[in-house]
Amino acid sequence: MSCYEIEALRLGLMNVLGTEDDHARQHAKAELEGHMTGPIEALANAETLSAIERHLDAALVDLEEEIARTDSDSPEYDYMRGRLVAVRDAERAVSRITAQGESVLDGLGEAHDVLHEAFPVDE
């Protein structure tokens, strides 16, 4: 059993960050073999943080539905619930990355404005 959501998220983040680590990509793709459909495929192929957030949310919905259909006596049930906790934690981490990126953009905008205030340009 694998944590498809986490591996797909890793691939999506590698896309966004421009990661060139072919070994890590191949490992994640191998883990996802036969499961590259729906939100998992979209998450693995995401190229923006907003796309990652959207597809990760859809993957979480699918995982929650899968857990709801699984008998609590099933040997896979506890692992699936653990997967849910890990994916929710990953969702919060992606939200933090997005918020930090937006904060950096805001800071750069403010620095740009201050620079122009200190050194006005005649046009």
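Everything quoted here is computed from the prediction, not taken from an experiment. Going along each chain's sequence as written, the residues are numbered from 1 onward. In keeping with the predicted nature of the model, local features appear solely for residues at pLDDT of at least 70, side-chain atom pairs appear and are counted solely at 80 or more, and the whole-chain, interface and lining totals rest on all residues. Note that the side-chain values use all heavy atoms of the structure and ignore hydrogens as well as water.

S.K.: Is there a simple way to explain the overall build of the chain in this structure?
M.R.: Comment: elements are numbered from the N terminus, with helices defined as DSSP H or I runs of at least four residues and strands as E runs of at least two. If you tally the helices and strands in the chain, you get 5 helices and 0 strands. Secondary structure elements in the chain, listed N-terminal to C-terminal, are α-α-α-α-α. Here the C-alpha radius of gyration of the chain, 19 Å, is well above what a compact globule of 123 residues would show, namely 14 Å. By principal-axis analysis of the C-alpha atoms, the chain measures approximately 75 × 30 × 20 Å. Counting only residues that meet the buried cut, the chain has 30% of its 123 residues in that class. Sequence separation of at least 24 residues holds for 61% of the intrachain contacts in the chain that already meet a minimum separation of 6. Based on C-alpha atoms, the radius of gyration is set beside the globule rule, defined as 2.2 Å times the residue count to the power 0.38. Only protein chains enter the area calculation, which uses a 1.4 Å probe; residues under 20% of their type maximum are buried, those over 50% are exposed, and those in between are partly exposed. Residue contacts follow a heavy-atom distance rule, with two residues in contact if any of their heavy atoms lie within 4.5 Å.

S.K.: What is the right way to look at a negative patch on the surface in this model?
M.R.: Excluding any residue in a salt bridge, patches collect residues exceeding 30% relative accessible area, merging like charges within 9 Å and nonpolar Val, Leu, Ile, Met, Phe, Trp and Tyr side chains within 5 Å. Here the accessible surface of atoms and residues is derived via Shrake-Rupley with a 1.4 Å probe, and residues count as covered only by protein chains that are part of the display. By definition, a salt bridge exists where a carboxyl oxygen of Asp or Glu is found within 4 Å of a side-chain nitrogen of Lys or Arg. The charge count includes Lys and Arg as positive and Asp and Glu as negative, but it does not include His or the ends of the chains. A charge is said to be at NZ when it belongs to Lys, at CZ for Arg, at CG for Asp and at CD for Glu. Taken together, the side chains of Glu102, Asp106, Glu110, Asp113 and Glu117 define an acidic patch exposed on the protein surface. Here Glu117 shows up in helix α5 (residues 77–118).

S.K.: Can you walk me through the environment of Glu5 in this structure?
M.R.: Inspection of the secondary structure puts Glu5 in helix α1 (residues 4–17). When its relative accessible area of 4% is taken as the criterion, Glu5 is described as buried. Along the sequence, Glu5 and Asn45 sit 40 residues apart, while their C-alpha atoms lie 12 Å from each other. Not counting chain neighbours up to four residues away, the residues in contact with Glu5 comprise Ile40, Leu43, Ala59, Leu63, Arg83 and Val87.

S.K.: Help me understand the packing of α1 against α5 in this model?
M.R.: Contact geometry for α1 and α5: axes closest at 9 Å, N-to-C directions at 25°. By the angle between their directions, the pair α1 and α5 is classed as roughly parallel. Contact residues: α1 offers Tyr4, Glu5, Ile6 and Leu9, while α5 offers Arg83, Ala86, Val87, Ala90 and Val94. Classifying every residue of the contact of α1 with α5 gives 7 nonpolar, no polar and 2 charged. Axis definition: a line fit to C-alpha positions, over the contact stretch in the case of helices; interaxial angles, taken between N-to-C directions, run 0 to 180 degrees. Comment on the angle field: the value is read as roughly parallel under 35 degrees, roughly antiparallel over 145, roughly perpendicular from 65 to 115, and oblique elsewhere. Classification convention: Asp, Glu, Lys, Arg as charged; Ala, Val, Leu, Ile, Met, Phe, Trp, Tyr, Cys, Pro as nonpolar; all other residues, Gly among them, as polar.

S.K.: Just checking my understanding: could you explain the packing of α1 against helix α2 (residues 22–32) for this structure?
M.R.: The axes of two packed helices give the description: the angle between them and the distance between them. Contact geometry of α1 with α2 gives a least axis separation of 9 Å together with a crossing angle of 145°. The two elements α1 and α2 cross, and the hand of that crossing is left-handed. Note on element contacts: α2 touches α1 through Ala24, Arg25, His27, Ala28, Lys29, Glu31 and Leu32, opposite Tyr4, Glu7, Ala8, Arg10, Leu11, Met14 and Asn15. Crossings are sorted by hand: turned counterclockwise from the far helix by less than a right angle, the near helix makes the crossing left-handed, and turned clockwise it makes it right-handed.

S.K.: Which parts of the structure should I look at to understand the layout of surface pockets?
M.R.: One way to see where empty space is left: roll a probe the size of a water molecule over the atoms. Counted as a void, the largest pocket has a volume near 180 Å³. Residues are called lining when one of their atoms sits within 4 Å of a cavity or pocket point, these points coming from a 1 Å grid over the protein atoms alone, where a cavity is a set in which a 1.4 Å probe fits but cannot get out and a pocket is an open set with protein on both sides within 12 Å along at least five of seven lines. If you go around the largest pocket, the residues you meet are Tyr4, Glu5, His35, Thr37, Pro39, Ile40, Ala59, Asp62, Leu63, Glu66 and Arg83. Among the elements of the structure, α1, α3 (38–44) and α4 (49–69) are those that each provide at least two residues to the lining of the largest pocket. Grid points are joined across faces, edges and corners, and a volume is the space filled by probe spheres set on the points.

S.K.: Even after reading the chapter, I still don't get α5, so can you show me in this structure?
M.R.: Think of an α-helix as 3.6 residues a turn; residues three or four steps apart then line up on the same face. Working rule for helices: expected span equals 1.5 Å times residues minus one. For α5, with 42 residues, the first-to-last C-alpha span of 62 Å sits near the 62 Å given by 1.5 Å per residue. Restricting attention to buried positions, one finds in α5 the residues Tyr77, Met80, Arg83, Leu84, Val87, Ala90, Val94 and Thr98.

S.K.: I keep staring at the pattern of salt bridges and nothing clicks. Help me out?
M.R.: Any two side chains of opposite charge can pair, given that their charged atoms come close. According to the stated counting rule, one finds 5 salt bridges in the structure shown. For Arg10, the salt bridge goes to Glu7, with nearest N and O atoms at 3.0 Å. Pair noted here: Arg10 and Glu7 are both in helix α1, with a separation of 3 residues, about one helical turn. A relative accessible area of 12% places Glu7 in the buried class. Within the structure, one salt-bridge network assembled from shared partners comprises Glu5, Glu66 and Arg83.

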